[in-house]
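Analysis of the macromolecular model
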Amino acid sequence: MIPLLHDFTNETVLVVGGGPVGARKARRFAREAQVLVVSPSFADREFGDAELIRAAPAPEDVPGWLERIVPALVVAATDDAAINDAVVDAARERGLLVNRADRSGEREVGSVVVPATVREEPVTVAVATGGTAPAVSKYLRAELEETLDGAGEMARVCAGLREELKTRDISADRRREIVTDVVNSPDLWTALRTGTSNCPQVIEDVLGEELSTGGERP
Ligand SMILES: C[C@@]1(CC(=O)O)c2cc3[nH]c(cc4nc(cc5[nH]c(cc(n2)[C@H]1CCC(=O)O)[C@@](C)(CC(=O)O)[C@@H]5CCC(=O)O)C(CC(=O)O)=C4CCC(=O)O)c(CCC(=O)O)c3CC(=O)O
Ligand SMILES: NC(=O)C1=CN([C@@H]2O[C@H](COP(=O)(O)OP(=O)(O)OC[C@H]3O[C@@H](n4cnc5c(N)ncnc54)[C@H](O)[C@@H]3O)[C@@H](O)[C@H]2O)C=CC1
């Protein structure tokens, strides 16, 4: 399986099944997509901004739901394997992405797995075990939360620095060297993590140094 990041802005995600798993998937996708959850009952959980539709489609009704809603992705999260089968088949037929929550191990060809995710905007790390051991994904996600501390700020530093350097008379090679040095500086990571420095300040410092040394490397 190949990990990809998919932008769901202005897209619809249909979640079939309103249990704790359906709620988790709804929350996840509602960060970005318009989410509809179809289920005869809903768990007492947070569903994000998702729209909840009370209905219990039979397997033969599922194609009609996909026809009307035209989602980019469908999540099969019911506790009824026959419904989940119907969701997978109908989505396949229409060429839609489909995530099946009640299967692990051997995956169907073309399936989509939802990874465990750590976010330090704009940095995202996703962990998956090829659909085999979600508890391991969850464990690693918790471990990675610490590692990623400061990564969002570092990404803003590097992006800002790159933009600034592009406006100056500096070669692309030198630009790359400067950004690489910045991202490899343990002191800078510590400063960003502890809040003793911040993005604008670092950019100012690096540019000041660059101008005063005229680009000479120490
Ligand atoms: C294949 C996959 C399909 C999919 O849903 O995309 C799938 C399937 C199944 N999960 C099951 C169980 C659990 N799932 C979790 C948690 C998460 N599950 C997620 C993803 C995935 N789960 C996909 C594979 C991802 C990968 O490749 O690693 C995470 C990462 C993302 C998310 O869902 O948001 C999220 C962690 C979020 C976080 O970081 O916190 C926990 C832990 C807990 O709940 O505490 C348990 C209990 C422990 C255990 O059993 O492992 C069962 C058995 C059900 C049963 O036996 O009844 C099945 C079905 C089966 O195995 O048949
Ligand atoms: N992917 C994951 O992380 C996990 C997956 N699972 C699997 O996912 C399934 C769902 O998990 P839970 O949410 O805990 O189950 P649950 O049994 O609490 O919820 C299932 C939901 O599906 C709804 N439903 C039943 N028939 C329906 C129909 N015809 N149309 C629409 N909705 C219907 C029910 O009303 C209920 O809201 C489980 O059967 C289990 O196999 C379980 C734990 C974690």
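These figures come from a predicted structure and were not determined experimentally.

With respect to the site of ligand 1
Taken together, 21 residues lie around ligand 1, and S104, A116, A128, P134 and S137 are the ones closest in. Among the secondary structure elements, those contributing two or more residues to the shell around ligand 1 are α1 (20–30) and α4 (134–147). Counting residues per element, the shell around ligand 1 draws most heavily on α4, which supplies 5 residues. Among the residues making up the shell around ligand 1, the classes are represented as 9 nonpolar, 6 polar and 6 charged.

So, the confidence of the model for the protein chain
Regions with low pLDDT carry predicted coordinates that are not meant to be interpreted in detail. In the predicted model, the protein chain carries a mean pLDDT of 93, and the fraction of residues at 70 or more is 98%. This prediction of the complex comes with two scores: 0.92 for pTM and 0.94 for ipTM.

Things to note about the site of ligand 2
Of all residues adjacent to ligand 2, which total 22 residues, the nearest are G17, G19, V21, D79 and D102. It is α1 that contributes the most residues to the shell around ligand 2, 3 residues altogether. Looking at the shell around ligand 2 residue by residue, the classes come out as 12 nonpolar, 7 polar and 3 charged.

Focus on the packing of helix α2 (residues 62–69) against helix α3 (residues 81–94)
Relative orientation of the contacting elements α2 and α3 amounts to 45°, with a least axis distance of 9 Å. In terms of orientation, α2 lies oblique with respect to α3. Of the two elements, α2 crosses α3, and the hand of that crossing is right-handed. Two secondary-structure elements touch here, α2 through V62, P63 and L66 and α3 through A86, V87, A90, A91 and R94. In the contact of α2 with α3, the residues fall into 7 nonpolar, no polar and 1 charged.

Here we look at the sheet that holds strand β2 (residues 34–39)
The sheet built from 5 strands is open, its strands ordered β3-β2-β1-β4-β5 with parallel pairing. The strands lining the two open edges of the sheet, one partner per strand, are β3 (51–54) and β5 (97–100). Going across the sheet, the axis of each strand differs from the next one's by a mean of 20°, ignoring polarity. The sheet contact formed by β2 and β3 spans 4 bridges and is parallel.

Describing the domain arrangement of the protein chain
According to the domain assignment, the protein chain contains domain 1 (12–114) and domain 2 (151–213). Inter-centroid distance (C-alpha atoms) of domain 1 to domain 2 is 43 Å.

The rules behind the values
- Residues numbered from 1 in each chain as written.
- Chains lettered and ligands numbered in written order.
- Predicted model: local features only at pLDDT ≥ 70, side-chain atom pairs only at ≥ 80, totals over all residues.
- Near = placed C-beta within 6 Å.
- Helix = DSSP H or I, 4+ residues; strand = E, 2+ residues; numbered from the N terminus.
- Nonpolar A, V, L, I, M, F, W, Y, C, P; charged D, E, K, R; others polar.
- pLDDT = per-residue confidence, 0-100.
- Axes fitted to C-alpha atoms, helices over the stretch in contact; angles between N-to-C directions.
- Parallel < 35°, antiparallel > 145°, perpendicular 65-115°, else oblique.
- Left-handed = near helix turned anticlockwise from the far one by under 90°.
- Contact = placed C-beta atoms within 7 Å.
- Pairing = 2+ DSSP bridges.
- Domains from an automatic or database assignment.

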